[in-house]
Amino acid sequence: MTFNRSEQPRTVIVTGAAAGIGRAIAHRFASGGDRIGLIARDADALAAVRREIRSMGAEAEFAVADVADAEAVFAAAEQLEQKLGDTDIWINNAMETVFSTVADMSPEEFRRVTEVTYLGFVHGTMAALKSMRPRRKGHIMQMGSALAYRGIPLQSAYCGAKHAIRGFTDSLRAELIAEDSNIKLTVIDLPAVNTPQFDWARAHIGRQPRPMGRPVQPEVVADAVFRAAEGRWREYWLGFSTMKMVLGSFVAPGYVDTYLARHAFAGQQRRKRIAPDREDNLDHPITELHRTRGSFSSEARESAPLIAGEVVRAGAIAAGALFFFGLGASLGAGWRSRRDASHR
């Protein structure tokens, strides 16, 4: 196989690697010639991904772990490093969600989503630091979300976890800067993605879940992550919808509240009702549903721009400053004109 990266292979560990975004990321880095470490709960699904990667000519190993279990994550990291070498890139991706209003969700369900989607990132980051800090190098990548800036109805636990990841990562970044570390931290905030989560997430709503708006394919995310691994920015936004959500939450949060209240309930549900015997993956994996893409390929985008968050923020501040400068100049000119007229 011809690899599209000329540098030395890296050891890349991906959590939530059995399906969806994680599976696509594993394939993308493998296509670049990297060694891939796979972590998830389902051994059969992980074995299938390993076969896929090895068939590409790349090296891959897997370790079974629930990322909510810190000791299991630490043990998985050690096991993979023994087989693949020191971790160069660690990608935190594992997630769970429950489609439900807060009132209809149990505390146990909320806790489980938080333990996987937030604490799973904390545990993965800690495992990566155990390997990287003694060497003072490495790259930790957090799969974030537009929902880390703007919570939406029916996914409060997931949105809360994504908000928490931002705060945790910012704290760690400052600590690494303080110790003059060369370890990089990158957050990639995503739009809706066509993954199997909508087919297996627990739901306390009348109809089957769907992504809000038009999703992107997991391979689009994977390619963005691959490029961001070589980038220099601390945060990237994938797609214009992510940029609009982030900026909109700052500029007009009240308007966004109202818009989501009116549109996000129906916007996250298909027409088909949920079957009474629907299985979900909150407490256990569903092996037969482990695949890269979900059920929305017919409408999913095959491309999306990767935008540096700092660049957009700087541009927005500059545009705002120019607007107010121009407004001030215009008002000042008007005031001077009226003053001069009054003195004639």
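Caption draft 1: Summary view of the confidence of the model for the chain. Chain-level pLDDT for the chain is 91 on average; 88% of the residues reach the 70-or-more range. Low pLDDT, under 50, characterises residues 318-329; the predicted model gives this stretch zero contacts beyond four residues in sequence or across chains.

Caption draft 2: Molecular detail of helix H3 (residues 70-84). A rise of 1.5 Å per residue sets the reference length of H3, with its 15 residues, at 21 Å; its end C-alpha atoms lie 21 Å apart and thus fit the reference within 8%. Within the span of H3, buried status applies to Val-73, Phe-74, Ala-76, Ala-77, Leu-80 and Leu-84. End-on view of H3: buried residues confined to an arc of 160°, all on one side of the axis. The exposed set on the far side of H3, more than 90 degrees from its buried face, consists of Glu-71 and Gln-82.

Caption draft 3: Representation of the nonpolar core. With 44 residues, the main nonpolar core has Phe-29 and Ile-91 as its most contacted residues. In terms of residue count, the dominant contributor to this core is helix H7 (residues 218-228) (seven residues). Within the second largest apolar cluster, 22 residues are counted, among which are Ile-39, Val-73, Ala-127 and Leu-185.

Caption draft 4: Spatial organisation of the side chain of Thr-117. Note that Thr-117 resides in helix H4 (residues 107-135). With a relative accessible area of 0%, Thr-117 lands in the buried category. A polar contact is formed between the side chain of Thr-117 and the backbone oxygen of Glu-96, at a distance of 2.9 Å. Those residues in contact with Thr-117 that lie beyond four places of it in its chain are Ala-94, Met-95, Glu-96, Tyr-158, Ala-161, Lys-162 and Ile-165.

Caption draft 5: Unusual backbone geometry, seen in detail. With a phi angle near 60°, Arg-136 is a residue other than glycine that sits in the positive phi range. Position of Arg-136 among the secondary structure elements: in the loop between H4 and strand S6 (137-145). Look at Leu-154: it is not a glycine, yet its phi comes out positive at around 75°. The residue Leu-154 is located in the loop between S6 and helix H5 (156-178) in this model.

Caption draft 6: Expanded view of the sheet that holds strand S1 (residues 11-15). Within the open sheet, the eight strands sit side by side as S3-S2-S1-S4-S6-S7-S10-S12. Their pairing is mixed. Of all strands in the sheet, those bounded by a partner on one side alone are strand S3 (60-64) and strand S12 (306-308). Neighbour-to-neighbour, the strand axes of this sheet turn through a mean angle of 20°, independent of strand direction. In the sheet, strand S10 (residues 235-238) pairs with S12 via three bridges, with the strands oriented antiparallel. Across the sheet, the residue bridging to Trp-237 is Ile-307, located in S12. Of the strands in this sheet, strand S2 (35-40) and S3 are in contact with helix H2 (residues 43-55), which crosses S3 at around 170°.

Caption draft 7: Representation of the environment of Asp-199 in the model. Take Asp-199: it is sitting in helix H6 (residues 197-200). The class for Asp-199 is buried, based on a relative accessible area of 16%. For the pair Asp-199 and Asn-281, spaced 82 residues apart in the sequence, the C-alpha separation amounts to 9.5 Å. Not counting chain neighbours up to four residues away, the residues in contact with Asp-199 comprise Arg-270, Arg-278, Glu-279, Leu-289, Arg-291, Gly-294 and Ser-295. Among the polar contacts listed, one links the side chain of Asp-199 to the side chain of Ser-295, at a separation of 2.8 Å.

Caption draft 8: Fine view of the packing of helix H1 (residues 20-31) against H7. Put simply, H1 and H7 touch, their axes get as near as 8 Å, and they point 50° apart. It follows that H1 is oblique to H7 by the angle criterion. Both H1 and H7 take part in a crossing whose hand is right-handed. The segment H1 lies against H7, with Gly-20, Ile-21, Ala-24, Ile-25, Arg-28 and Phe-29 engaging Pro-218, Glu-219, Val-221, Ala-222, Asp-223, Val-225 and Phe-226. Residue classes in the contact of H1 with H7 are distributed as nine nonpolar, one polar and three charged.

Calculation criteria
Along each chain, residue indices are assigned from 1 in the same order as the chain's sequence is written. Predicted model: local features are reported for residues with pLDDT of at least 70 only, side-chain atom pairs are reported and counted for 80 or more only, and whole-chain, interface and lining totals are derived from all residues. Note that the side-chain values use all heavy atoms of the structure and ignore hydrogens as well as water. Every residue gets a pLDDT, meaning the predictor's confidence in that residue, from 0 to 100. Contacts were defined at the residue level, with two residues in contact if any of their heavy atoms lie within 4.5 Å. Elements are defined by DSSP. Helices are runs of H or I of four residues or more, strands are runs of E of two residues or more, and each kind is numbered from the N terminus. For a helix, the expected span equals 1.5 Å multiplied by the residue count minus one. The classification of residues rests on relative accessible area computed with a 1.4 Å probe and restricted to protein chains. Under 20% of the type maximum is buried, over 50% is exposed, and intermediate values are partly exposed. Our arc is simply the arc of the directions from the helix axis toward the C-beta atoms. What is meant by a nonpolar core is a set of buried Ala, Val, Leu, Ile, Met, Phe, Trp, Tyr and Cys residues, joined one to another through side-chain atoms within 4.5 Å. Here a polar contact is recorded for every N or O atom pair within 3.5 Å, except that within protein the pair must consist of a potential hydrogen donor and a potential acceptor, and residues adjacent in sequence are included only if both atoms are side-chain atoms. Strand pairing is assigned whenever DSSP detects at least two bridges linking the two strands. To obtain an axis, a line is fitted to C-alpha atoms, over the contacting stretch when the element is a helix, and the angle between two such axes runs from 0 to 180 degrees between their N-to-C directions. Angle categories: roughly parallel below 35 degrees, roughly antiparallel above 145, roughly perpendicular from 65 to 115, and oblique for all the rest. Whether a crossing is left-handed or right-handed is set by the direction in which the near helix is turned from the far one by less than a right angle, anticlockwise for left-handed and clockwise for right-handed. When residue character is reported, Ala, Val, Leu, Ile, Met, Phe, Trp, Tyr, Cys and Pro are called nonpolar, Asp, Glu, Lys and Arg charged, and the others, Gly included, polar.

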